[in-house]
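Structural description and commentary
As a plain string of letters, each chain reads:
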Amino acid sequence: MWAWLLDSNRQRYQQGERPVTGYQELCRELTSAGPFGELSMVGARSVLQRYSEAWFQAARRRNAGQHAAGFPRRKGALVPVRFYNGTFLLQGDRVRLPVARGRPELWVRLARLLPYLPEQVRAVTLLADGGRLWLAVTAAVPVQDHGLDPDRAAGVDLGVIHPYAVVAETVGLLVSGRALRAEAYLHLKDQQARQAKAARRAPKPGHRGSRRWRHHRARLRRVEARHRRRVHQAHHEAAKQVVAFALQQRVGTLVVGDAKGITNQDAGRVQNLRLRRWRRTHLVQALRDKAEQAGMVVRLVDERGTSSTCPACHRRVPKPKGRRFCCPYCRFQGHRDLVGAANIAAKAGGGPTSPGVPVLVEHRRAGRVPARRDRRRHLHDQRRHRSRLASGHPPAPHRADGCRSSGVGGYPALGEDQAAPPNKANVA
């Protein structure tokens, strides 16, 4: 159906006619075109709405000056289909999804029970990610009342080294992103090794490829999906720690520094890759969801210059290279990320905010550091030919003289089923 929408509008464009992009107009076109196999009318309308929203979002970005924004043009193999409340049925670990009239019923069995009551579920979305079917559940969760003070604000600074740096008056919180960086580094090295190995067996231009090549592409999709789930799970854990810290300090407003437009500047090949793998929008969304559920208000402010402004004398200083902030005018010193969070909190306007860096700083970790037995670590050691291998390697064969062998080729490679299990995402 998605391909039918793209082909229809492409044909209209070639004939000089106006494309059909409005949801009501698309529904009339669907009525005249007829059904699409076993797809129900509810699922078909969800595809129409997704196409209309994507088209108008691209149009708004183009009107705002982002000429690189493109309209929908790629034909997806499996487009997510959404079903609203009243069109599906929940029975324990099974969900009945609507299909076209006269077709057999479609029951989907879930891997685990839903964490919500059936009356709380508002919509379910059937989607495919990494060769697996997922059911994303949207539920109405009541907002908790903790009696927070809305005038009490805390600044939140987003970063790559520390995903969240929070300052609330005299206390602060630093969430370490070491696990995220380790996961991204090992995933990048493993991805480069797979691409170099598969380049020799790649099909020629114009050929569809063999069965082995299709299996290779399917495995790539599974690995990428597992990496995304691990990173997203770590983001949710970090956001949960920030909200718990704000509840302890009775903070009612979270002022988050918005890094919008940071990827538009050329900062070099390595830094550009880090910024594009940062996933800052998911960090903000995870924090917003958990903060709103706890009864907090989230405000986005411009973070430009917050990490290079002294919170004591309010003068701009040269941008520090490390994590240590030193003011050459008033000799003020502090953590760079906490200084940025303190300056972000000062932009809240009204109410008690943080005049300086905190006296008491708490440190937390987000995510799970890749295990020592992770297959990617062993492969990285073999490629680097390290003499001292990471702990967790199988015992090395000993020579007759009792010396340890310096070669690493004798170690058996761990299979895919022995890799570290992925973190469970918050989807059923």
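Residues numbered from 1 in each chain as written. Predicted model: local features only at pLDDT ≥ 70, side-chain atom pairs only at ≥ 80, totals over all residues. Heavy atoms only, no water.

What follows covers the overall build of the chain. If you tally the helices and strands in the chain, you get nine helices and 14 strands. Taken across its 428 residues, the chain has 38% of its residues classed as buried. Sequence-distant contacts, at least 24 apart, represent 64% of the contacts inside the chain between residues at least 6 apart. When the accessible surface of the chain is summed, it comes to about 25,800 Å², and 50% of that surface belongs to carbon and sulfur atoms. (Helix = DSSP H or I, 4+ residues; strand = E, 2+ residues; numbered from the N terminus. Buried < 20%, exposed > 50% of the residue type's maximum accessible area, 1.4 Å probe, protein only. Contact = heavy atoms within 4.5 Å. Areas by Shrake-Rupley, 256 points an atom, 1.4 Å probe, with all protein chains shown as cover.)

Attention shifts here to the packing of helix α1 (residues 2-14) against helix α3 (residues 41-63). Packing of α1 against α3 brings their axes to within 10 Å, and their N-to-C directions diverge by 45°. When the axes of α1 and α3 are compared, the pair comes out oblique. Here α1 and α3 pass one another in a crossing that is right-handed. Two secondary-structure elements touch here, α1 through Trp2, Leu5, Leu6 and Asn9 and α3 through Val47, Leu48, Arg50 and Tyr51. By residue class, the composition of the contact of α1 with α3 is six nonpolar, one polar and one charged. (Axes fitted to C-alpha atoms, helices over the stretch in contact; angles between N-to-C directions. Parallel < 35°, antiparallel > 145°, perpendicular 65-115°, else oblique. Left-handed = near helix turned anticlockwise from the far one by under 90°. Nonpolar A, V, L, I, M, F, W, Y, C, P; charged D, E, K, R; others polar.)

Okay, the nonpolar core next. By size, the foremost hydrophobic cluster in this structure holds 31 residues, and its most contacted members are Val156, Tyr164, Leu254, Leu287 and Met296. Those elements that provide at least two residues to this core are β7 (149-158), β8 (164-168), β9 (171-176), α5 (211-248), β10 (251-258) and α7 (280-293). Per-element accounting of this core gives the leading share, six residues, to α5. Listed in part, the 27 residues of the second largest apolar core include Cys27, Ala44, Trp55 and Leu90. (Core = buried A, V, L, I, M, F, W, Y, C linked by side-chain atoms within 4.5 Å.)

Pairing is mixed in the open sheet, where six strands are placed in the order β11-β10-β7-β8-β9-β14. Among the strands making up the open sheet, the edge pair consists of β11 (297-302) and β14 (360-365). Each strand of the sheet is rotated relative to its neighbour by a mean of 25°, with strand direction disregarded. Of the strand pairs in this sheet, β7 and β10 are connected by five bridges, and their pairing is parallel. Paired with Val156 across the two strands is Val256, which belongs to β10. The sheet strands contacting helix α8 (residues 336-346) are β7, β8, β9, β10, β11 and β14, and the helix crosses β7 at an angle near 140°. (Pairing = 2+ DSSP bridges.)

Moving on, we get to the side chain of Glu303. The residue Glu303 is located in the loop between β11 and β12 (324-326) in this model. No salt bridge is formed by the buried Glu303. Its closest oppositely charged neighbour is Arg280, at 7.9 Å. Sequence-distant contacts of Glu303, that is, excluding residues within four places in its chain, are made with Asp157, Leu158, Gly257, Asp258, Ala259, Ile344 and Lys347. (Lys, Arg positive; Asp, Glu negative; His and termini not counted. Salt bridge = Lys/Arg side-chain N within 4 Å of Asp/Glu carboxyl O.)

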